[in-house]
Protein chains: 2
Amino acid sequence: MTDNPTERRTQLAERLKEARKLAGLSQGQVAKLLGLHRPSVSEMEAGNRRVSADELSQLAELYDVSVAWLMGEVPETVDAADPRLQLAARELSKLKPEDLERLLKLLAAMRDDTSDPKEP
Amino acid sequence: MTDNPTERRTQLAERLKEARKLAGLSQGQVAKLLGLHRPSVSEMEAGNRRVSADELSQLAELYDVSVAWLMGEVPETVDAADPRLQLAARELSKLKPEDLERLLKLLAAMRDDTSDPKEP
DNA sequence: ACGGATGGTAAGATAATCTTACCGCCCTGA
DNA sequence: TCAGGGCGGTAAGATTATCTTACCATCCGT
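Remember, predicted model here, so these are calculated numbers, not experimental data. (Residues numbered from 1 in each chain as written. Chains lettered and ligands numbered in written order. Predicted model: local features only at pLDDT ≥ 70, side-chain atom pairs only at ≥ 80, totals over all residues. Heavy atoms only, no water.)

Neighbouring residues of DNA strand C: 14 residues in total, closest His-37, Arg-49 and Arg-50 of chain A together with Gln-27 and Arg-38 of chain B. In DNA strand C, atoms within 4 Å of the protein come 60% from sugar and phosphate. Between DNA strand C and His-37 of chain A, the relevant distance is 2.8 Å, taken from a phosphate oxygen to a side-chain nitrogen or oxygen of the residue. Here a phosphate oxygen of DNA strand C sits 2.6 Å away from a polar atom, N or O, in the side chain of Arg-49 of chain A. Mapped onto the surface near DNA strand C, the elements with two or more residues apiece are α3 (38-46) of chain A together with α1 (5-22) and α3 (38-46) of chain B. It is α3 of chain B that provides the largest number of residues to the surface near DNA strand C, a total of four residues. Residue classes in the surface near DNA strand C are distributed as two nonpolar, six polar and six charged. (Near = heavy atom within 4 Å. Polar contact = N/O pair within 3.5 Å; in protein donor to acceptor, adjacent residues only side chain to side chain. Helix = DSSP H or I, 4+ residues; strand = E, 2+ residues; numbered from the N terminus. Nonpolar A, V, L, I, M, F, W, Y, C, P; charged D, E, K, R; others polar.)

Quick look at the structure:
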C-alpha cells in the first residue's frame, strides 16, 4: 500500500536526497539557501523530521523537480476510461476560470441536494 | 511574487478550505478521517499552522485534488493537468446521464455568453 | 426557543524542531 | 603521513510549535 504514512515519509526522504544530489547541492548549501540549519536537512532526508508545505515547495523549486514527484504522486491525467468524462473535461477546459469556479460550486450543491436520505 | 513564504502559506490555507468545501466535508469530518483534532484543521485553513507533507498528501487525496494545485504550483501542461478540471470531471461522472446532458448544453451556453466582445 | 452541527479561538500540557556541538569518513595537497 | 577542509550523521538541552481540552458564537432545522 502506498498510502501508509511511514512509507510515504520514507519515500519523500529518499526523493529529497536523490533530487538534491541530482541538483548537485550539498546539505549545507541547501540549508543556507532555505534559511535552515544543516541538521534539519539531514533529518529531512533521513525521514526523522517532517517537511512542511512551504519547505516542500521551496525544495522542489531548488531541485528543479515537481512537488508531485517528490511526494510520489501518480502523474494521472484525467481518467481516460470514461468517454463521457473526456467530453466533459474538454468542455470544462474551454471555460473561463471564474465560470469553472461557479460550476464547481454548483456541482457540489447538486450532489448534496440530490443525495439519497440514507447518506450519513 | 508568488514564492513569498507568507503568501504561499496563505494560498495553501485558502485552497485547503476551498477544496474541503468542494468535497462536501466539515472540518470535524476531515479531522477524524486524518486522525487529527478539529482545531488543527481550523488552524491549517487559517494559515496559522504548518501543513506537513504527509498531511498535504492525505488532504489532496481526500479532497480529490492534486498536491500541486493545493500548493499553487503552475500547471506544467495547461492541458488536463489542472486538478480543478479533474475534480469537476469526477463530479460530473456522478451525475445521471440526462443531467450531464443538460449540463453540457449549459456549458456551451456559458462559453458563448460570457465571451469577450471580440469573439465571432 | 431548543438542540445539534459547525467553525473560531484560548491556555496549559505535550511533542516537535532548533541550535550547537562532536563524531567519523573521504579527499587532496603539503 | 598527516593536516586541512568539506561532507554527512547524530546527541542533548533550549526553544518553539503543535496538541488537547474547553468555551464561545453562529447558523439551521425542529
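Anyway, onward from the coordinates.
Our next topic: the confidence of the model for chain A. All names here are of chain A. For chain A, per-residue confidence averages 75 on the pLDDT scale, and 54% of positions sit at 70 or higher. pLDDT under 50 marks residues 78-82. Its contacts with residues more than four places away, or in other chains, come to eight contacts. A low-confidence stretch, residues 110-120 stays under pLDDT 50, and its non-local contacts, those more than four residues away or across chains, total six contacts. (pLDDT = per-residue confidence, 0-100. Contact = heavy atoms within 4.5 Å.)

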